[in-house]
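Per-entry structural report
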Amino acid sequence: MRIGTRKSQLARIQTDSVAGKLKELYPDVHLEIVAMSTVGDKILDKALSKIGEKSLFTKELENALERNEVDLVVHSLKDLPTSLPPGFTIGAVLKRETPYDAVILHPKKAGLTLDTLPEGRLRVRGNLNTRLKKLDDHDDYSAIILAAAGLRRLGWESRISQILTPDDCMYAVGQGALAVEARAGDEDILKMLSVLNDTDTVLRCVAERAFLRHLEGGCSVPVAIHSEVKESQLYLTGAVYSLDGLDSLKETMQTSFTTENQVEERVHVGITARTVLTSAQDAAEKLGTDLAALLLHKGAKKILSVARQLNNAR
């Protein structure tokens, strides 16, 4: 079985972790990892919104999947668009690492917090190694904000100066979760992958992706999320912000889900989770869509439209 992945150190670590789980479950299956670069990895001098491509971190991997050069692909779920190309599906969403963001300070700013840093900002693109090196080697940057999950997977927790809680700042849709993409018609592969699904993570990510899809959002629009499962209740908080941070909308909704219905095969926002009850996934998807509709009704459409125009003008 050939597993496609990006070439970055983090992507390889994530892919190795998935391969390790598959090897434990299916010790007789031979696994081969195939690494490649994506558009998002190659173009580092432009903001993502200015590159003019969709699927910036997934296109080459999906092309290889389509050509049968690999059998499945491991992604950070936040990199996957909410609408996948025809013929592809997410066959597994693994148990989520912390979805929160972390603040890493320049060594000269030790002891400060995000609130006490001087005003002004610059953007840094590149993989985690590249961005941390730019932070440490130059005085242009006081701090950098990165997903805590990636730092933990790389073993760099000691660099974390502050974890941003949902009260400080919510996070990107799907952040902290790993997804395994496969061809929708590969029944044997999908059956193997289904045992990797984590029920709570699947439900949270179905709701989050439905929220983002209904808002027609992507990596260039200021949309944030927070989800939680407690006692058969799924809680979802979503927010839409203006690029200057002066205009924002934030709402919370919740839904209950049953654990008594039969599992049916159905795709929810690109996810085929055969081990998770369809009724629960239906409830999660409706929650995300309803929350997005509420924000749109309260003015999110105008905020998002202005954000897109400003991004395009940069």
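Residues numbered from 1 in each chain as written. Predicted model: local features only at pLDDT ≥ 70, side-chain atom pairs only at ≥ 80, totals over all residues. Heavy atoms only, no water.

An unreviewed UniProt entry annotates the protein chain as Porphobilinogen deaminase originating from Scleropages formosus. As stated in UniProt under Catalytic activity (unreviewed entry), the record for the protein chain gives "4 porphobilinogen + H2O = hydroxymethylbilane + 4 NH4(+)". Annotation of the protein chain in UniProt includes, under Pathway (unreviewed entry), the sentence "Porphyrin-containing compound metabolism; protoporphyrin-IX biosynthesis; coproporphyrinogen-III from 5-aminolevulinate: step 2/4." (UniProt positions renumbered as here; feature names shortened; annotations may be inferred.)

This part covers the side chain of Ser8. With respect to the helices and strands, the residue Ser8 is situated in the loop between β1 (2-6) and α1 (9-25). According to the relative accessible area criterion, Ser8 is buried, its value standing at 12%. A polar atom in the side chain of Ser8 sits 3.1 Å from the backbone nitrogen of Ala11. (Helix = DSSP H or I, 4+ residues; strand = E, 2+ residues; numbered from the N terminus. Buried < 20%, exposed > 50% of the residue type's maximum accessible area, 1.4 Å probe, protein only. Polar contact = N/O pair within 3.5 Å; in protein donor to acceptor, adjacent residues only side chain to side chain.)

Across all of its chains, the model carries 16 salt bridges by this definition. The residue Arg67 makes a salt bridge to Glu69 at a minimum N-O spacing of 2.9 Å. A relative accessible area of 39% places Glu69 in the partly exposed class. Salt-bridge contacts for Arg213 lead to Glu285; the nearest nitrogen and oxygen are separated by 3.1 Å. (Salt bridge = Lys/Arg side-chain N within 4 Å of Asp/Glu carboxyl O.)

On to the environment of Cys205. Residue position: Cys205 is located in helix α8 (residues 199-215). C-alpha of Cys205 to C-alpha of Gly174: the two residues are 31 residues apart in sequence and 5.7 Å apart in space. If sequence neighbours within four positions are ignored, Cys205 has contacts with Leu77, Val93, Arg96, Gly174 and Ala177. (Contact = heavy atoms within 4.5 Å.)

Turning to the confidence of the model for the protein chain, a few remarks are in order. It should be kept in mind that the predicted coordinates are not to be read in detail where pLDDT is low. Put simply, the protein chain has an average pLDDT of 88, and 89% of its residues get 70 or more. In this model, residues 42-54 is a region of pLDDT below 50 whose contacts with residues beyond four sequence positions or in other chains number 24 contacts. (pLDDT = per-residue confidence, 0-100.)

When the terminal C-alpha atoms of α8 are compared, their 25 Å separation across 17 residues agrees well with the 24 Å that a helix rising 1.5 Å per residue should span. Of all 17 residues making up α8, 13 are buried, and the element is well covered by its neighbours. Phi for Glu216, located one or two positions after α8, is positive at around 55°. (Expected span 1.5 Å × (residues − 1).)

Take the sheet that holds strand β9 (residues 223-230) next. Here we have three strands laid out as an open sheet, ordered β9-β10-β11, and antiparallel in their pairing. Of all strands in the sheet, those bounded by a partner on one side alone are β9 and β11 (248-256). Recorded for the sheet is a direction-independent mean angle of 10° between the axes of neighbouring strands. The sheet contact formed by β9 and strand β10 (residues 233-241) spans eight bridges and is antiparallel. Paired with Ala224 across the bridge in β10 is Ala239. In the packing of α8 onto the sheet, contacts are made with β9 and β10, and the angle to β9 comes to roughly 150°. (Pairing = 2+ DSSP bridges. Axes fitted to C-alpha atoms, helices over the stretch in contact; angles between N-to-C directions.)

This part is about helix α5 (residues 128-137). Since one α-helical turn is 3.6 residues long, residues separated by three or four positions face the same way. Listed in full, the buried residues belonging to α5 are Leu128, Leu132 and Leu135. Taken end-on, α5 shows its buried residues confined to a sector of 60°, consistent with a single buried face. The inward-facing, buried residues of α5 contact α1, β5 (101-105), β6 (143-147) and α6 (148-153). (Arc of directions from axis to C-beta.)

So, on to the nonpolar core. One finds Leu77, Ile90, Val93, Phe211, Val223 and Val240 to be the most contacted residues of the largest nonpolar core, which totals 42 residues. At the level of secondary structure, the elements contributing two or more residues to this core comprise β4 (88-93), α8, β9, β10 and α9 (278-313). Here the element with the most residues in this core is α9; it accounts for ten residues. Once you skip the residues sitting within four places of it in the chain, Val240 turns out to touch Leu215, Pro222, Val223, Asp247, Ser248, Leu249, Leu295, Ala300, Ile303 and Leu304. Ala19, Ala92, Leu94 and Leu196 belong to the second-largest nonpolar core, a separate cluster that totals 17 residues. (Core = buried A, V, L, I, M, F, W, Y, C linked by side-chain atoms within 4.5 Å.)

This part takes up the sheet that holds β5. Strand order in this open sheet of three strands is β6-β5-β7, and the pairing throughout is antiparallel. With partners counted over all chains shown, the strands left at the sheet margins are β6 and β7 (162-164), one partner each. Pairwise comparison of adjacent strand axes, ignoring direction, gives a mean angle of 30° for this sheet. As paired elements, β5 and β6 share five bridges and run antiparallel to each other.

Considering the arrangement of structural elements, one finds Pro85 in the loop between β3 (72-76) and β4. Given a relative accessible area of 29%, Pro85 falls into the partly exposed group.

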